[in-house]
Each structure stands twice: as C-alpha cells, then as structure tokens.
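# Structural features, examined
What follows is each chain in one-letter form.
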Amino acid sequence: ESPSLHRCLLNLVTNAADAVSEIDGRIAILARICDGEHIEILIEDNGPGIPPDILAQIFDPFFSTKGAKGTGLGLAITQKIIHEHGGELVVEQSSLGGAAFRIVLPAKQSDPMKVVLP
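Now for a look at the structure at hand.

What counts, and where the lines are drawn
- Residues numbered from 1 in each chain as written.
- Predicted model: local features only at pLDDT ≥ 70, side-chain atom pairs only at ≥ 80, totals over all residues.
- Heavy atoms only, no water.
- Core = buried A, V, L, I, M, F, W, Y, C linked by side-chain atoms within 4.5 Å.
- Buried < 20%, exposed > 50% of the residue type's maximum accessible area, 1.4 Å probe, protein only.
- Helix = DSSP H or I, 4+ residues; strand = E, 2+ residues; numbered from the N terminus.
- Contact = heavy atoms within 4.5 Å.
- Phe/Tyr/Trp six-rings, centres within 6.5 Å; stacked < 30°, edge-to-face > 60°.
- Pairing = 2+ DSSP bridges.

## Some details on the nonpolar core
Core analysis: the largest hydrophobic core is formed by 18 residues, its most contacted members being Leu12, Phe59, Ile82, Leu89, Phe101 and Ile103. Looking at this core, the elements with two or more residues in it are α1 (3–19), β2 (38–45), α2 (74–84), β3 (88–93) and β4 (99–106). Those residues in contact with Phe101 that sit more than four places away from it in its chain are Leu12, Ile41, Leu42, Ile43, Ile50, Ile58, Phe59, Leu75, Leu89, Val90 and Val91.

## Focus on the packing of aromatic side chains
Enumeration over the complete set of coordinates arrives at one aromatic pair. Ring centres of Phe59 and Phe101 lie 6.4 Å apart, and the angle between their planes is 90 degrees; on these two criteria the pair is classed as edge-to-face. Highlighted residues: Phe59 in the loop between β2 and α2 and Phe101 in strand β4, separated in sequence by 42 residues. Since its relative accessible area comes to 8%, Phe101 is described here as buried.

## A word on α2
What α2 keeps buried is the set Leu75, Ala76, Thr78, Gln79, Ile81 and Ile82. Among the structural elements, α1, β3 and β4 are those in contact with the buried residues of α2. Gly86 sits one or two residues past α2 and shows a positive phi near 80 degrees.

## Topic: the pairing of β3
Bridge analysis of β3 against β4 gives six bridges, and the strand direction is antiparallel. Note on β4: the bridge partner recorded for Leu89 is Ile103. Hairpin connection from β3 to β4: five residues lie between these consecutive antiparallel strands, with Gly97 at a positive phi of about 110 degrees.

Geometric descriptors of this kind do not, in isolation, establish any biological role.
As structure tokens, then:
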C-alpha cells in the first residue's frame, strides 16, 4: 500500500465533496481491473463541473478556484504522484453532471485472486 496514493484519493474525494451541494450532492467512487494489467479508479460528482476555460490550468501548481481556502497544489501533487507510480490522471465530464477524475495505474498481481496497487 502506498501512503502517497492514499493522499491522492483523499485529495480527489475532498475536492469532490467541496464541489457538491450539501443538500443533494453525490460522489461516486468506482474501481475496476482493466485488461488484467491496470487498475482504474474513477471519482465523480454531481457538482458544477470544471469550466472549459480553466480546464487546461487545473493541474498547474498554485492554480486554485477556492480562493484563500486552497493552495493550488492538490491536483498538481496528485498528478505528479500518479505519474511517479506509472499511471495517468485524466479529468472528464461526469455521468453525474459534474467532474470526473480517472486514475489508471499498472497493477501488480501476486496471485490470481489478489491485485494490489503499486
């Protein structure tokens, strides 16, 4: 288990929680094995989504839409950690209407019934 991957997931879920309404906010976390060699984790929400005009900036260090509440380092660090583990982090439109962050990582398979993250 990797504490840094835990931090990535916590950051993405916290961002989703910040984006959704307190009344009817929804966050979905899905994980699956892809092609037997990769693990995909999807965190999506029904918040307002990410405006197209800032989409290209969200992984830039110190870019934040949270004003004084954010440092602008969360997504930059998350992306860096995912890359260091040989994976990729992609943002897309959520099926719930908000933002979706897809993590794809190589899987280590120690036995046929157990697949673990790097």
